[in-house]
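# Structure at a glance
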Amino acid sequence: MSRLAWLQLRFRAGRALALLAGMLVAATAFTVLTAAARTSQVRTIGTVSAHFQPAYDILVRPAGARSSLESATGTVQPDFLSGIYGGITLAQWHQIQKIAGVQVAAPIAMVGYTFMQAQFPVWLPAADVARPGRQLYRVSTTWVSANGATRIPQPASYVYVTPDRVHFSFNNGATSETLPGGSTVTPCPAFALPASPFSFAAQAGAWCWSKINGAGTPPGTISFPNLNGRAGLSVGWQFPMLIAAIDPQAEARLDGLNHAVTSGQYLPENYDNEPPGNGFQQGDAFPVLAATDSGIGEYALTQVQELPAPPAPPVLDTATMAKDAAVAGHTALSTTTTARQAYQYLLDMLGTPKPVQHANNALSAYWSAGPVSYRRGSNGDLVPASVRNPASVWESDDDFVLPPMDNAGSQYRTLRQHARVADRLVVPLPTLAGTFSQGKIAAFDPLSRVPLGPYQPTAAAPANEASKKALGGSDLLPSLNLGGLVSPPVQLITTLAALPTLENGKYAGGAQLARAPVSVIRVRVAGVTGPDKASLNRIKTVAEQIEVRTHLTVDIVAGSSPAPATVARPAGKFGTPALLLTEDWIKKGVAITILDAVDRSSVTLFVLILVVCALFVANSATAAVRGRRQELGVLAALGWTRPRLFAALLGEVALAGLAAGVL
């Protein structure tokens, strides 16, 4: 039979060559396609492995922290850390630290937002002030955010300049003027309790200035704003500063925050309380690291118009200022103040060694801002639900806290105030230890970014041409609106040792936070080198131990990756148009899903290639058999059995396959 197969190959070379060519093509195709599939698999696994290592492997949150949207989709909002205030005890944190395999357990305790004021100075033209007589100026400021898409006018304020001597009263904030005959009037009366935090009475203001003795304060007194002896006014920036407490040592090991300090010094594990004698009791000052950039995308347009000169001192009460809002005047100056300028002014003020410079930013109240709630639109986009925060959220015991005008716009976060309820004259004072740059914090791979990064600002990019045009091609950045859709990142970082000062019974709700102050714990597992089975088992074991011992919400975030989500923000107040935005949400477990899919796809592709090649060879062999039907019939008539005929054909195919393999 072997001789017959050889003779067939020798004397019927055409058919043999056709069979040989078919098998050669099949063998080559199998080799090339299998190699290509294997190369693609290796590249995919290599890419996933290279981008697998995140800032941390496990995220621990309070029980019940997952939203319904997260549970349904496995995606996490990029900024909802600002909506978690406490829920984990310090004892639970220490439990996690002691679990075998935990390399770093870094806690974050979100305290809340406080408003820090930067009274940015604006000076009146010196030539105007030098003229004889009295002058009266109207100050109109418009707050512009969303790259010009949102414009919020603030009620007008007034500056009165007099040639007479004035006196400022620290008791009630009123400024009186002494006339040449010795009588006194009060052109800038005491501040009256407003009916609303956004009313004319609340947002309008008055400055009285003397060409003889300035603001009328005693020599050496620093007033707000500090005009350095020149007549002027201030653009009142109030930055919503998110305060978070950390363990300095754990944070340095996790993301190198200590290497991101740009001025001053890193936070100490413990701190010495500021000594008494500066108007604040010992123990109520606490150290902070402040971000070098506010992350706020906003600017203020201020126009100063000179009104007709008053023949006598005006009384700049609410009624008079509202009446004068319609009086014609000529423009004395126009100026633009950016958030960057005002924030740098605030940092300079906080960095001064004189307590009176920054006592105005003591923590008399702070606010918690909840996460944004979303619903699915008819086209699958996420639609944020608007909320209406009552005016009472800005009230204290006997006064309104005056928020930025931005907070009169559309809001998407529920606000809750934590105000001092006792010892009102003893309030915590943030003391600047240093500044840090968000850009200098250890940059982890953007493809494996994990949720709840507290330092990176959240930005929403325009998702269609209409939104791109409305935003001028820029992203939607945070504004001064505490309940806005996009919130600023952590701006002030303090230590866990400061929590007894910040979250205690002196604040409404503080006692509850003091019992469980930690919001999240980020855990890095030792020995994790990539998405290999051993590393994944280490992470899984530690996560199970944390859940069993603490009963907290535990998520494995190793292998997470950004997952763009389309957010349809409806039109809002003050001309804000409807916007279609793209936000980088976080999809958990993407790397493992990809690797599993690659393995399944590779096996399936290998089988399909093998089946196709086998069918090709079978088709070639069948063609060869059909060409020898007469010959096979003769051999069968001579007594060849079917097994013997099959063996002869198989031998011919085998010889052709051997030749193809040699080639």
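The shown structure was predicted, so the numbers you read here are calculated from the model rather than taken from an experiment. (Residues numbered from 1 in each chain as written. Predicted model: local features only at pLDDT ≥ 70, side-chain atom pairs only at ≥ 80, totals over all residues. Heavy atoms only, no water.)

Moving on, we come to the overall build of the protein. Broken down by element type, the protein carries 17 helices and 25 strands. Looking at the protein residue by residue over its 663 residues, the buried ones come to 48%. By sequence separation, contacts in the protein at least 24 residues apart represent 81% of the contacts at least 6 residues apart. (Helix = DSSP H or I, 4+ residues; strand = E, 2+ residues; numbered from the N terminus. Buried < 20%, exposed > 50% of the residue type's maximum accessible area, 1.4 Å probe, protein only. Contact = heavy atoms within 4.5 Å.)

Once that is clear, we can look at the confidence of the model for the protein. Averaged over all residues, the pLDDT of the protein is 78; the fraction at 70 or higher stands at 69%. Within the protein, helix α10 (residues 355–358) has the poorest average pLDDT of any element, 46, and strand β13 (residues 298–307) the best, 95. The low-confidence segment residues 273–283, where pLDDT is below 50, has 18 contacts with residues more than four positions distant or belonging to other chains. Per-residue pLDDT stays below 50 along residues 590–599; that stretch engages in 18 contacts with residues further than four places along the chain or on separate chains. (pLDDT = per-residue confidence, 0-100.)

A word on the packing of aromatic side chains. A complete count under the given rule lists eight aromatic pairs for this structure. Taking the centre distance of 6.0 Å and the plane angle of 40 degrees together, the rings of F115 and W394 count as tilted. Note that F115 is positioned in strand β3 (residues 102–123) and W394 in the loop between β17 (382–384) and β18 (415–419), a separation of 279 residues in sequence. By way of ring pairs, the aromatic residues W143, W237, F239 and Y343 are connected into one cluster. (Phe/Tyr/Trp six-rings, centres within 6.5 Å; stacked < 30°, edge-to-face > 60°.)

Residues that lie three or four places apart on an α-helix share one face, since the helix turns once every 3.6 residues. Looking only at helix α4 (residues 90–97), the buried set comprises Q92, W93 and I96. The buried side chains of α4 occupy one side of the element, clustering within an arc of 105 degrees when seen end-on. On its buried side, α4 packs onto β1 (58–61), β3, β22 (520–525) and α14 (533–550). (Arc of directions from axis to C-beta.)

With that settled, consider unusual backbone geometry. Residue N147 is not a glycine yet carries a positive backbone phi of 55 degrees. Residue placement: N147 occurs in the loop between β4 (135–145) and β5 (150–162). The exposure class of N147 is partly exposed, given its relative accessible area of 43%. One non-glycine residue, H551, adopts positive backbone phi at about 60 degrees. Note that H551 resides in the loop between α14 and β23 (553–556).

Let us now look at the nonpolar core. Counting residues in each nonpolar core, the largest one holds 105 residues, and the members touching the most others are I58, W237 and F239. When sequence neighbours within four positions are dropped, the list of residues in contact with I58 reads I521, R522, V523, V525, I539, V542, A543, I546, V554, D555 and V557. Counting residues in hydrophobic clusters, the runner-up holds 16 residues, among them A146, A149, L579 and W585. (Core = buried A, V, L, I, M, F, W, Y, C linked by side-chain atoms within 4.5 Å.)

For the rest of this paragraph, the subject is the state of the cysteines. Overall, the coordinates contain one disulfide when judged by the stated rule. Between the sulfur atoms of C188 and its disulfide mate C208 the distance is 2.0 Å. Residues C188 and C208 are joined by a disulfide whose S-S torsion is about 95 degrees; by sign, that bridge is right-handed. On the criterion of sequence distance, the pair formed by C188 in strand β8 (residues 184–188) and C208 in strand β9 (residues 206–210) is long-range, its members being 20 residues apart. We note that C188, like C208, is buried. (Disulfide = S-S within 2.5 Å.)

A pair can form between side chains of opposite charge whenever their charged atoms are brought close. Overall, the coordinates contain eight salt bridges when judged by the stated rule. The shortest N-O distance in the salt bridge between E177 and R134 comes to 3.8 Å. Linking E177 in strand β7 (residues 175–178) with R134 in the loop between α5 (126–129) and β4, this pair joins segments that are 43 residues apart in sequence. Since its relative accessible area comes to 0%, E177 is described here as buried. Overlapping salt bridges bring together D128, R131 and E306 as one network. (Salt bridge = Lys/Arg side-chain N within 4 Å of Asp/Glu carboxyl O.)

Under the counting rule described, the total for this entry stands at two cavities of 30 Å³ or more. Estimates place the volume of the largest cavity at around 270 Å³. Surrounding the largest cavity, 20 residues form its lining, T150, S410, S479, N481 and R569 being those nearest its centre. (1 Å grid on protein atoms, 1.4 Å probe; cavity = no way out; pocket = protein on both sides within 12 Å on 5 of 7 lines; lining within 4 Å. Points joined across faces, edges and corners; volume = space filled by probe spheres on them.)

Below, the discussion takes up the sheet that holds β4. Remark on secondary structure: sheet strands pair via backbone hydrogen bonds, oriented parallel or antiparallel. Taken in spatial order, the five strands of this open sheet run β9-β5-β4-β13-β14, and their pairing is mixed. Looking along the sheet, the strands with just one partner apiece sit at the ends: β9 and β14 (330–338). Geometrically, the sheet is characterised by an average inter-axis angle of 20 degrees between neighbouring strands, direction not taken into account. Where β13 and β14 come together, eight bridges link them in antiparallel fashion. Across the sheet, residue A300 finds its bridge partner in β14, namely T337. Packed onto the sheet, helix α9 (residues 339–351) meets β13 and β14 and runs at close to 75 degrees relative to β14. (Pairing = 2+ DSSP bridges. Axes fitted to C-alpha atoms, helices over the stretch in contact; angles between N-to-C directions.)

In this section: the packing of α4 against α14. At their nearest, the axes of α4 and α14 sit 10 Å apart, and the two run at 145 degrees to each other. Between α4 and α14 lies a crossing of right-handed hand. Of the residues in α14, those touching α4 at Q92, Q95 and I96 are I546, R549 and T550. (Left-handed = near helix turned anticlockwise from the far one by under 90°.)

With that out of the way, let us pick up the pairing of strand β15 (residues 365–369). With respect to burial, β15 is a largely interior element, five of its five residues being buried. Residue alternation in β15 divides its side chains into two sets, A365, W367 and A369 and Y366 and S368, and both sets are buried. Two strands pair when backbone bridges link them, and β15 and β18 are joined in this way by five bridges, in the antiparallel orientation. In the sheet register, W367 faces β18, and the bridge partner there is Q417.

In this model, α9 (13 residues) spans 18 Å end to end at C-alpha, consistent with the 18 Å of a helix rising 1.5 Å per residue. What α9 keeps buried is the set A339, A342, Y343, L346, L347, M349 and L350. The arc enclosing the buried residues of α9, seen along the axis, measures out at 160 degrees, which places them on a common side. (Expected span 1.5 Å × (residues − 1).)

A few words on the environment of L350. If you trace the backbone, L350 turns up in helix α9. Sequence separation of L350 and A290 is 60 residues, and the distance between their C-alpha atoms is 9.5 Å.

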